[in-house]
Amino acid sequence: MAAVLVALCLAGCAGSAPSTLDTAGTGARRVEGLWWFMFWISVVAVLEVLLLLGWALWRRRRDTRVRAGDAMPFVGVLGVGLPFIVLVAVYGVGLRDLNALIRPPAGPELSIEVIGHRWWWEVRYPDTAGAITANEIRIPVNQTIRIRLTTADVQHSFWVPQLMPKTDLIAGRVNETWLHAERIGTFRGVCAEYCGLQHANMSLIVTVQPEEEFTAWLRDLAAPPARDLTEQQRRGQAVFEAAACGACHTVRGTTATGTIGPDLTTIGSRWSLGAGAAPNDKGHLGGWIVNPQSLKPGNQMPPQPVPASDLPDLLSYLETLR
Ligand SMILES: [Cu+2]
C-alpha cells in the first residue's frame with residue numbers, strides 16, 4: 001500500500017503535469033499559499049494527535065488509577081478550544097483569499113472571451129476585430145487580463161492550474177475572471193467540469209510572451225499576412241473550399257466562414273489537434289481529416305470523404321495557415 005502511494009506520488013510529481021504548487025500567476029500563487037497554510041496546520045494536528053496517543057499509552061501502563069474526570073481539561077483545551085481557533089483561522093484566511101481573488105490586482109489592460117464547446121475552446125480578443133483562435137491563448141507577461149467566460153452548449157470549467165483558479169462556464173450567462181502571469185512560459189489549461197465523452201481531451205495552452213511579441217502575434221492573427229502559395233498549395237485551397245470544411249470552419253480571407261468548429265486561420269501553428277487529442281503534424285492532420293473519430297472518439301467532426309489523391313494538396317495548404 002505504502003509503496004503504491006509513493007509510486008503514485010513520484011509519478012505525479014515527476015511528470016510535466018501542470019502543478020498548483022509550481023505557480024506563475026498571481027491568482028494561483030494565492031491558492032498555493034492557502035494550500036501550504038492548510039498543509040502545515042494538518043501536519044501539526046497529526047503530530048499533536050500522535051504525541052498525545054503515545055503519551056496516553058505510556059501513562060496508562062504506569063498509572064492505573066486515572067479517573068475519567070481527569071481528562072476534562074484536556075478535552076476542553078485540546079479537543080474543543082484549539083480546533084475552534086484553528087477552524088476560525090482557516091475560515092478567516094480562506095475568506096481573505098476569496099475576497100482577493102474576486103478583484104484583479106490592477107485594472108484589466110486586455111480582454112479575452114473564452115467560449116466552451118464540446119470539446120474545444122473558442123478564444124476571441126474582442127478589442128481587436130477578427131482576432132479569433134481556438135485551444136490556445138496568448139497573453140503579455142505582467143499584465144492583468146480580463147477573461148469573460150461562457151459556453152455554447154453544456155457546462156465547462158476553465159482552469160489553468162499554474163496561473164489561476166477555476167471558473168465555471170455556464171449556459172446563458174457570462175462569468176468574469178482575471179489572469180495575471182508573472183513569468184514567460186507555456187502553461188497547460190484544462191476543462192475542470194465533466195462535460196461528456198471527450199472531457200479529458202479539452203485542453204488548451206496559455207503562452208505568456210513579452211509584450212512586443214504578443215502585439216505582433218495579435219496583429220497577424222487579426223489580419224493574416226498575404227501568403228505566397230505554391231501550385232500544390234493553391235490546389236489544396238481549392239480542395240478545402242470545395243469540400244464541406246467551410247460549413248463548420250472559418251479560414252479568414254477564404255470562402256470558409258463556418259462557426260461550428262474551431263477557426264482554422266492559424267491551424268498550421270497550433271500546438272495540437274483536437275484540443276490536445278493528437279500532435280499537430282502532417283500524419284496526424286491527414287488522419288484527423290479522414291477520420292477524426294479514431295483520434296478523438298465521439299467528437300463533433302464527422303469523417304470527411306476527401307479523395308486520397310487530394311489529401312497531400314489539402315495538407316500542404318493547411319500547413320501554410322499560421
Ligand atoms: Cu468541458
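Definitions and limits used
Residues numbered from 1 in each chain as written. Predicted model: local features only at pLDDT ≥ 70, side-chain atom pairs only at ≥ 80, totals over all residues. Pairing = 2+ DSSP bridges. Helix = DSSP H or I, 4+ residues; strand = E, 2+ residues; numbered from the N terminus. Axes fitted to C-alpha atoms, helices over the stretch in contact; angles between N-to-C directions. Contact = placed C-beta atoms within 7 Å. Domains from an automatic or database assignment. Nonpolar A, V, L, I, M, F, W, Y, C, P; charged D, E, K, R; others polar.

**Comments concerning the sheet that holds strand β4 (residues 136–140)**
Consideration 1: Spatial ordering of the open sheet is given by β4-β10-β9-β6-β7, a layout of 5 strands whose pairing is mixed. Whereas interior strands pair on both sides, the edge strands pair on one side only; in this sheet they are β4 and β7 (164–169). Within the sheet, the average angular offset between the axes of one strand and its neighbour, ignoring direction, is 20 degrees.
Consideration 2: Examined bridge by bridge, strand β6 (residues 156–160) and strand β9 (residues 185–191) share 2 bridges and lie antiparallel to one another. Bridged to F158 within β9 is C191.
Consideration 3: Its contacts with the sheet put helix α4 (residues 211–222) on β4 and β10 (203–209), and the angle it makes with β4 is roughly 135 degrees.

**With respect to the pairing of β9**
Consideration 1: Sheet topology note: the β9/β10 ladder contains 6 bridges and is antiparallel. Counted as the bridge partner of G185 is V208 from β10.

**Let's talk about the domain arrangement of the protein chain**
Consideration 1: What the domain assignment reports for the protein chain is domain 1 (19–52 + 77–223) and domain 2 (231–318).
Consideration 2: For domain 1 versus domain 2, the distance between C-alpha centres works out to 31 Å.
Consideration 3: Taken together, the 19 residues of domain 1 in the interface contact 15 residues of domain 2.
Consideration 4: When contributions to the side of domain 1 that touches domain 2 are tallied by element, the ones reaching two or more residues are β2 (120–124), β3 (132–134) and β10.
Consideration 5: The residue makeup of the side of domain 1 that touches domain 2, split by class, is 10 nonpolar, 6 polar and 3 charged.

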